[in-house]
Amino acid sequence: FQRIMSSSSAAITLSNGVKMPVIGLGTWQSSPAEVIAAVKASVKAGYRLIDTAAVYQNEEAIGTAIKELIEEGVVKREELFITTKAWTHELAPEKLEGGLRASLEKLQLEYVDLYLAHMPTAFNDDMSQHVASPVEDVWRQFDAVYKTGLAKSVGVSNWNNEQIGRALALGLTPIHNSQVELHLYFPQHEHVDFCKAHNISVTSYATLGSPGRVNFTLPTGQKLDWAPAPSDLEDKNVVALAEKNNKTPAQVLLRYALDRGLAIIPKSVNISRIEENFNVFDFTISQEEIAKLEESKISQRLFLQDFMAGHPEDAFANERK
């Protein structure tokens, strides 16, 4: 992987030739009102990638922000890279194209730049029942929507290596991107190496260790109980490297992922934090410094996606044993 130094032009070339910016705005947990301001601030700060998902329930607001930015002449559509994801009920047989068209309508777009299977598990509409649709059948649907031109690139999220291998074995449209939980305390080296061997780009979510996850509430208002986890941001080696480079611990963790050749989508609705997260192109972290950061040897998945438990395509079944 090349060392990434320039800012808004920094991109990874996907296997289909599409250029994906290496840094984008994550929008999980961003309410519609918050996300309009966040998208506008991020694009004005230099971001060109916006990452959302059907299940985030903010595609409509993001579409409004994009439309206003284009109308104001801040950016052109072709300069933006918009990622959205199909939720579990949209992975059921014959549901994917309808799900993508619904997302496009909300986003007010004719196409998305990247469409991901948010999970490998298909469910019915209210998630009360598993749908035993193997990942091969899910990927056949992604191959079909890619060929319509509604998505310029297609990929997966929260799939394991074996599932990706089964999809690739079909010989259809290749997987262009894998978006996974990846941070200093869950570095995912095996997955990154697997994807690199198959020419699949990798996007890291929760790159900062997702400190905001503890505030997450379900639509019912219920808060989730999160298992205790050490903080990547408080790691002594991260703090020391931040001081050395006159950067924040968050910027060090973001740069750590960039210097491993990954794309990142840090989430924020705070304008100064959005700008801070983008200000990571004036320093690098060497391979020796990466090794020093990884001395902790901590490997702890924060998002086990417990709703997948018992599904025949549960990606993390081996980790639940």
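Residues numbered from 1 in each chain as written. Predicted model: local features only at pLDDT ≥ 70, side-chain atom pairs only at ≥ 80, totals over all residues. Heavy atoms only, no water.

Visitor: Can you lay out the overall build of the chain for me, pointing to particular residues and giving the numbers?
Guide: The helix and strand tally for the chain stands at 10 helices and 12 strands. Rg of the C-alpha trace for the chain: 19 Å, near the compact-globule value of 20 Å for 321 residues, within the 12% margin. When each of the 321 residues of the chain is scored for burial, the buried share is 54%. For the chain, the exposed area adds up to about 13900 Å²; of that, 50% sits on carbon and sulfur atoms. (Helix = DSSP H or I, 4+ residues; strand = E, 2+ residues; numbered from the N terminus. Rg over C-alpha atoms; globule rule 2.2 N^0.38 Å. Buried < 20%, exposed > 50% of the residue type's maximum accessible area, 1.4 Å probe, protein only. Areas by Shrake-Rupley, 256 points an atom, 1.4 Å probe, with all protein chains shown as cover.)

Visitor: Please set out the UniProt feature "binding site: substrate" (unreviewed entry) in the chain residue by residue, giving values where relevant.
Guide: Per the UniProt annotation, the sites labelled "binding site: substrate" (unreviewed entry) are His 118. Looking at the secondary structure, you find His 118 in the loop between strand E6 (114-117) and strand E7 (122-123). Judged by relative accessible area, His 118 falls into the buried class, the value being 7%. With residues up to four places along the chain from it excluded, the contact list for His 118 reads Ala 53, Val 55, Tyr 56, Lys 85, Ala 86, Trp 87, Ser 157 and Asn 158. (UniProt positions renumbered as here; feature names shortened; annotations may be inferred. Contact = heavy atoms within 4.5 Å.)

Visitor: I'd like to hear about unusual backbone geometry, residue by residue, with values.
Guide: With a phi close to 45°, Ser 210 is a non-glycine residue in the positive phi region. As for its position among the elements, Ser 210 is in the loop between strand E11 (201-205) and helix H7 (236-245). Here the phi dihedral of Asn 246 falls at roughly 55°; this positive angle occurs in a residue that is not glycine. Along the chain, Asn 246 turns up in the loop between H7 and helix H8 (249-258).

Visitor: For the pairing of E6, give the residues involved together with the corresponding values.
Guide: Of the two faces of E6, the one holding Leu 114 and Leu 116 and the one holding Tyr 115 and Ala 117 are both buried throughout. In this sheet, E6 lies alongside strand E5 (residues 81-86) in parallel orientation, the contact comprising 4 bridges. Bridge pairing in E6 links Lys 85 to Leu 116. Between E5 and its parallel partner E6, the chain crosses via helix H3 (residues 96-107), and the hand of that crossover is right-handed. (Pairing = 2+ DSSP bridges. Right-handed = clockwise from strand over helix to strand, strands pointing away.)

Visitor: Now, about the packing of helix H5 (residues 161-168) against helix H6 (residues 189-197): what can you tell me, with residues and values included?
Guide: Relative orientation of the contacting elements H5 and H6 amounts to 15°, with a least axis distance of 11 Å. Of the possible angle classes, the one that applies to H5 and H6 is roughly parallel. By crossing handedness, the relation of H5 to H6 is classed as right-handed. Across the interface between the two elements, Asn 161, Ile 164 and Gly 165 of H5 pack against Glu 190, His 191 and Phe 194 of H6. In the contact of H5 with H6, the residues fall into 2 nonpolar, 3 polar and 1 charged. (Axes fitted to C-alpha atoms, helices over the stretch in contact; angles between N-to-C directions. Parallel < 35°, antiparallel > 145°, perpendicular 65-115°, else oblique. Left-handed = near helix turned anticlockwise from the far one by under 90°. Nonpolar A, V, L, I, M, F, W, Y, C, P; charged D, E, K, R; others polar.)

Visitor: Hey, could you go over the environment of Ile 36 for me, with residue numbers and the actual values?
Guide: For Ile 36, the location among the structural elements is in helix H1 (residues 32-45). Assessed through its relative accessible area of 25%, Ile 36 is described here as partly exposed.

Visitor: Account for the sheet that holds E11, with residues named and values stated.
Guide: Spatial strand order, E3-E4-E5-E6-E9-E10-E11-E12: 8 strands in an open sheet with parallel pairing. Each edge of the open sheet carries a strand with a single partner, namely strand E3 (24-26) and strand E12 (263-264). Alignment of strand E4 (residues 49-51) against E5, held across 3 bridges, turns out to be parallel. For Leu 49, the partnering residue across the bridge sits in E5 and is Phe 81.

Visitor: If you had to explain the side chain of Thr 121 to someone new, which residues and values would you point to?
Guide: Position of Thr 121 relative to the elements: it lies in the loop between E6 and E7. On the basis of relative accessibility, which here comes to 0%, the residue Thr 121 falls in the buried class. In this structure, Thr 121 is in contact with Thr 88, Leu 91, Phe 307, Met 308, His 311, Glu 313 and Asp 314, ignoring residues within four places of it in sequence.

Visitor: So what about helix H2 (residues 59-71)? Which residues, and what values?
Guide: Over its 13 residues, H2 runs 18 Å from end to end, which matches the ideal 18 Å to within 8%, given 1.5 Å per residue. Looking only at H2, the buried set comprises Glu 59, Ala 61, Ile 62, Gly 63, Ala 65, Ile 66 and Leu 69. Summarising the contacts, the buried residues of H2 are in contact with H1, E4, E5 and H3. Remark: Gly 73 follows H2 within two positions and exhibits a positive phi of approximately 80°. (Expected span 1.5 Å × (residues − 1).)

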